Amino acid sequence: MGKNELIQYTIIIIVTCNLIGFLFSVFSIHFSILNKFKIQKRKIKPRTFYKRLPLILFNIILLIIISFLGLYFFYDFGFFKEDEFVGQDFNFLLIFAQLFLILVIDDLYFYFLHLFMHKNKYILKKIHKIHHRAITPVALEYIYVHPLEWMMGYIGPFLGILIISFFGPVSFFAFWAYQIIRNLHELDVHSGFKSKFSKWIPFWGEAEHHDKHHESLNGNYATTFTFWDEIFGTKI
C-alpha cells in the first residue's frame, strides 16, 4: 500500500464514522425512549440540530480536504512507512505504541488549545462560543465548531506523527486506528448518553467527563484522557 491507499482509506474512515454519528444523532433526537439513558434532562429540539447541519457538513468537508493535503505531503516527506502490508513486517506492538503516542500527544495539544480558547475572552466569544451553543450536545455536534477552531484542533495528530517520525516512520495502521478511535470517541463524548463500558477504562475520557464541560463551560478541557485535567488541576 502506498500514498493513495493511505489517503483513500482515511477518507473512508472519516465519512463512515460521521455517517454513523449523523444516524445516531437523528435517532437520539427523535426517539424519546432513549431519553432515560441520557446524562442531562434538558433536550435539544430537532430543528436546532438541523439548523446546525450546514456548518457541521462544511467542517466534515474541511476535515477531508485537510486530511488529504496533510497525508499527501507527510507521506512525501517520509513520515509514513512506504509500501506497508499486513504480513511479515506487521508489528502489532509498534503499531499500538505509535497509536498510543499519537492519542496522548494529540490530547495534550488539544488540552492547551482548549484551555487557551476558554481563558482568552475574545477567542471564547468569537470562535469557541459556537461549539458551546450545544449545552446538551448530540453526537455529531462534536464538529459543530468555528472552522478556525477545527483547523487548529486538527494539528494535534499531525504533531504526533511528526514527533514519532524522529524515531521511525509511522505505520498506516496506527494512523487509521487513531482516526477510528478519535472519531468514534468524539461522537461518544458528545452523544449525551451515560457511559456503559468506557468508564471502566482507566483515565479514558467518558461522556460524563466532557458533558460536565458543556454544562458548566469550565474545566475538563481534555477529551481523550482524564489525566491531563488531573495533572493540571482542571478536573470537575
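What counts and how
Just so you know, the residues in each chain are numbered from 1, in the order the chain's sequence is written. It should be noted that, the model being predicted, local features are given only for residues of pLDDT at least 70 and side-chain atom pairs only at 80 or more, the latter also being counted only at that level, while totals for whole chains, interfaces and linings use all residues. Side-chain metrics rest on all non-hydrogen atoms present in the structure, leaving aside hydrogens and water. A helix here means a DSSP run of H or I that spans at least four residues, while a strand means a run of E at least two residues long, and both kinds are numbered starting from the N terminus. Radius of gyration means the value over C-alpha atoms here, while the globule rule gives 2.2 Å times the residue count to the 0.38 power. Three exposure classes are used, based on accessible area relative to the maximum for each residue type with a 1.4 Å probe and protein chains only: buried under 20%, partly exposed in between, and exposed over 50%. Here, two residues are considered to be in contact whenever any of their heavy atoms come within 4.5 Å of each other. Reported accessibility uses the Shrake-Rupley method at a 1.4 Å probe radius. Residues are deemed covered only where the shown protein chains occlude them. The convention is simple: Lys and Arg are positive, Asp and Glu are negative, and His and the chain ends are not counted. Throughout, a charge is located at the NZ atom of Lys, the CZ atom of Arg, the CG atom of Asp or the CD atom of Glu. Lines fitted to the C-alpha atoms define the axes, with helices restricted to the stretch that makes contact. Angles between their N-to-C directions range from 0 to 180 degrees. These descriptions rest on fixed angle ranges, namely under 35 degrees for roughly parallel, over 145 for roughly antiparallel, 65 to 115 for roughly perpendicular, and the rest for oblique. Crossing handedness is read from the near helix: turned anticlockwise from the far helix by less than a right angle, it gives a left-handed crossing, and turned clockwise, a right-handed one. Put simply, Ala, Val, Leu, Ile, Met, Phe, Trp, Tyr, Cys and Pro go in the nonpolar bin, Asp, Glu, Lys and Arg in the charged bin, and everything else, Gly too, in the polar bin. A pair is scored as a salt bridge if a Lys or Arg side-chain nitrogen falls within 4 Å of a carboxyl oxygen belonging to Asp or Glu. To estimate the expected span of a helix, subtract one from its residue number and multiply by 1.5 Å.

Colleague: Explain the overall build of the protein chain here, please?
Modeller: In terms of helices and strands, the protein chain carries nine helices and zero strands. For 236 residues, the compact-globule formula gives about 18 Å, and the C-alpha radius of gyration of the protein chain, at 18 Å, lands near that figure. Within the span of the protein chain, comprising 236 residues, buried residues form 53% of the whole. Taking all contacts inside the protein chain whose residues are at least 6 apart in sequence as the whole, residues at least 24 apart take part in 70%. Carbon and sulfur atoms provide 70% of the accessible area of the protein chain, an area that totals close to 12,200 Å². Each charge sign in the protein chain was given a centre, from 23 positive and 18 negative side chains, and these centres are 17 Å apart.

Colleague: Which parts of the structure should I look at to understand the packing of helix H3 (residues 92-119) against helix H6 (residues 155-165)?
Modeller: Pairs of packed helices are described in terms of their axes, by the angle between the two and the distance that separates them. At a minimum axis distance of 8 Å, the contact between H3 and H6 shows a crossing angle of 130°. In terms of orientation, H3 lies oblique with respect to H6. Here H3 runs over H6; the crossing is right-handed. Seen from H3, the contacting residues are Gln98, Leu101, Ile102, Ile105, Asp106 and Tyr109; seen from H6, they are Ile155, Gly156, Pro157, Leu159, Gly160, Ile161, Ile163 and Ile164. Along the lines of polarity and charge, the residues of the contact of H3 with H6 split into 10 nonpolar, three polar and one charged.

Colleague: What's the story with the pattern of salt bridges in this structure? I'm lost.
Modeller: Pairs may arise between side chains of opposite charge once their charged atoms sit close together. The final tally for this structure, using the stated rule, is five salt bridges. As a salt-bridge pair, Arg182 and Asp106 come within 2.7 Å of each other at their nearest N and O atoms. With Arg182 in helix H7 (residues 172-189) and Asp106 in helix H3, this pair connects stretches of sequence that are 76 residues apart. Residue class for Arg182 comes out buried when judged on its relative accessible area of 11%. With a relative accessible area of 1%, Asp106 lands in the buried category. Sharing partners across several salt bridges, the network here consists of Asp106, Arg182 and Glu186.

Colleague: Would you explain helix H1 (residues 3-30) in this entry?
Modeller: The terminal C-alpha atoms of H1, which comprises 28 residues, lie 41 Å apart, in line with the 40 Å expected from a rise of 1.5 Å per residue. When H1 is considered as a whole, its buried residues turn out to be Lys3, Leu6, Ile7, Thr10, Ile13, Ile14, Cys17, Asn18, Gly21, Ser25, Ser28 and Ile29. The elements touched by buried residues of H1 are helix H2 (46-76) and H7.

Colleague: What exactly am I supposed to notice about the environment of Arg42 here?
Modeller: Inspection of the secondary structure assignment puts Arg42 in the loop between H1 and H2. Arg42 sits 144 residues away from Glu186 along the chain, and the two C-alpha atoms are 20 Å apart. With residues near it in sequence (within four places) discarded, Arg42 still touches Ile135, Thr136 and Glu215.

Colleague: Sorry, what's going on with H6 here?
Modeller: Owing to its 3.6 residues per turn, the α-helix brings residues three or four apart onto one side. For H6, the complete set of buried residues consists of Gly156, Pro157, Phe158, Gly160, Ile161, Ile164 and Ser165. Residues of H6 that are buried sit in contact with H2, H3, helix H5 (147-153) and H7.

Colleague: Any chance you could explain unusual backbone geometry here in plain terms?
Modeller: In most cases, non-glycine residues show a negative phi, while peptide bonds are predominantly trans. Positive phi, close to 65°, is recorded for Phe203, a residue that is not glycine. Residue placement: Phe203 occurs in the loop between H7 and helix H8 (207-216). You will see that Asn220, though not glycine, has its phi angle at about 50°, which is positive. The topology assignment puts Asn220 in the loop between H8 and helix H9 (227-231).

Geometry only, nothing functional implied.
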